[in-house]
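Given next are the chains, with one letter for each unit.
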Amino acid sequence: MKKIQVGFLMSYDYELLKKSIPPVYQLADTIFLALDHKKRTWSGNHFEVDPSFYDWVNKLDVDKKVIIYEDDFYVSTLSGMQNDTRERHMLANKMGIGNWLIQVDSDEIFIDFEKFVKKLRQYDSYLIHPEKHPIQFAGFHINVYKYLDEGMLYIDKPTKLLLATNYPNYKYAKNTKERIVYDDTYILHEGLARTEEELLLKLDNWSHKHDINATFLQKWRMANKDNYHTIKDVFYLDAEIWPELGYFPTSDLTEIKKMVYSDPKLVIPKTKLFFRNFGQWFKHLFKNKKPEFETYFAEKS
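This report concerns the structure included in the present document. Not measured: the values here are computed from a predicted model.

1. As for the overall build of the chain
Next, step 1: On a plain count of helices and strands, the chain comes out with ten helices and ten strands.
Next, step 2: Taking 301 residues into account, the globule formula puts the C-alpha radius of gyration at 19 Å, and the chain, at 19 Å, falls close to it.
Next, step 3: Along the first, second and third principal axes, the C-alpha atoms of the chain reach 55 × 45 × 40 Å.
Next, step 4: For the chain, the proportion of its 301 residues judged to be buried stands at 53%.

So this is what it looks like as structure tokens:
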């Protein structure tokens, strides 16, 4: 127990795992790849996995840490988001209560996993009776907007994402609605950084596909390193949420890490983190907790 367990959701974009698994491999105790046993997305669409991907996993996995967890992750009567939450709950149970349960997607890349693990280890006492002290940890996305021939465009405003918990009573995707501990851990999010064909496939299988704004694809297609500063309001749902783009002239993680931690637009101030964490501590100080797993999803499994 008290292991660092990392779980990835494996779907049609499984090739992205070739970039997201290596940064966590050394410090993870176990890495789980959750794959629907009939290879279906949350929308019920089918996909295939090229056998060469498993060859890549076997070559990488010199310490035998990777477990491919296949199960029935699609229920036709549930929405995409309900299937999302249900799969994460099933994966967390497989990873084992009493460990740190880190769940990330195939398009999420840690730029400093060691830093995040050190943060979790400061709270190992919460793993003794996790049902009595449920807690979750959040970091920040650096949202990659588009890859270019040299470098990438990104959103110059980090966004919160939930990364880990000790007790996975998920209510909505990875959100347990419990106390959050914020850390200035940054994750490169490649949600949009794909070829146009790959992006269209993602949007077609996405939980929010009916909510995409009409101008999104037009702006994405035209953006480049010369005009990015003139393109505004680029979020795929409510466009104004992402007001501006930035540019990294490299795709190297080591160089990107240096650029992120030296950019005042990207670095989350320590005072802001302190007050966020104090607010979360105070908010949940007197909360009457009766943590239990969501029986709705269990009944549908």
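Back to the text.
2. Here's the deal with a positive patch on the surface
Next, step 1: Judged by side-chain charge, Lys157, Lys160, Lys171, Lys177, Lys272, Arg276 and Lys283 come together as a positively charged surface patch.
Next, step 2: Broken down by element, the residue count for the positive patch peaks at three residues, all from helix 9 (residues 270-285).
Next, step 3: Secondary-structure assignment places lysine 157 in the loop between strand 7 (152-155) and strand 8 (159-165).
Next, step 4: A relative accessible area of 46% places lysine 157 in the partly exposed class.

3. Side note on the pairing of strand 8
Next, step 1: Most of strand 8 is tucked away, with five of its seven residues classed as buried.
Next, step 2: With two bridges joining them, strand 4 (residues 100-105) and strand 8 adopt antiparallel strand pairing. Paired with isoleucine 102 across the bridge in strand 8 is alanine 164.

4. A look at the nonpolar core
Next, step 1: With 36 residues, the main nonpolar core has Val6 and Ile31 as its most contacted residues.
Next, step 2: Residues Ala138, Ile180, Tyr182 and Ile256 belong to the second largest nonpolar core, which totals 20 residues.

5. Quick look at helix 6 (residues 196-204)
In an α-helix, one turn spans 3.6 residues; hence positions three or four apart end up facing the same way.
Next, step 1: Buried within helix 6 we find Leu199, Lys202 and Leu203. With its buried residues spanning 95° around the axis, helix 6 presents them on a single face.
Next, step 2: Looking at the buried side of helix 6, the elements it contacts are helix 7 (216-222).

6. Looking at empty space enclosed by the protein
Next, step 1: Summed over the entire model, instances satisfying the criterion amount to one cavity of 30 Å³ or more.
Next, step 2: By volume, the largest cavity is sized at about 50 Å³.
Next, step 3: Among the elements of the structure, strand 4 and strand 8 are those that each provide at least two residues to the lining of the largest cavity.
Next, step 4: At four residues, the largest contribution of residues to the lining of the largest cavity is made by strand 8.
Next, step 5: In terms of residue class, the lining of the largest cavity is made up of five nonpolar, three polar and one charged.

Conventions and cut-offs
Residues numbered from 1 in each chain as written. Predicted model: local features only at pLDDT ≥ 70, side-chain atom pairs only at ≥ 80, totals over all residues. Heavy atoms only, no water. Helix = DSSP H or I, 4+ residues; strand = E, 2+ residues; numbered from the N terminus. Rg over C-alpha atoms; globule rule 2.2 N^0.38 Å. Buried < 20%, exposed > 50% of the residue type's maximum accessible area, 1.4 Å probe, protein only. Patch = residues over 30% accessible without salt bridge, like charges linked within 9 Å, V, L, I, M, F, W, Y side chains within 5 Å. Areas by Shrake-Rupley, 256 points an atom, 1.4 Å probe, with all protein chains shown as cover. Salt bridge = Lys/Arg side-chain N within 4 Å of Asp/Glu carboxyl O. Lys, Arg positive; Asp, Glu negative; His and termini not counted. Charge placed at Lys NZ, Arg CZ, Asp CG, Glu CD. Pairing = 2+ DSSP bridges. Core = buried A, V, L, I, M, F, W, Y, C linked by side-chain atoms within 4.5 Å. Arc of directions from axis to C-beta. Contact = heavy atoms within 4.5 Å. 1 Å grid on protein atoms, 1.4 Å probe; cavity = no way out; pocket = protein on both sides within 12 Å on 5 of 7 lines; lining within 4 Å. Points joined across faces, edges and corners; volume = space filled by probe spheres on them. Nonpolar A, V, L, I, M, F, W, Y, C, P; charged D, E, K, R; others polar.

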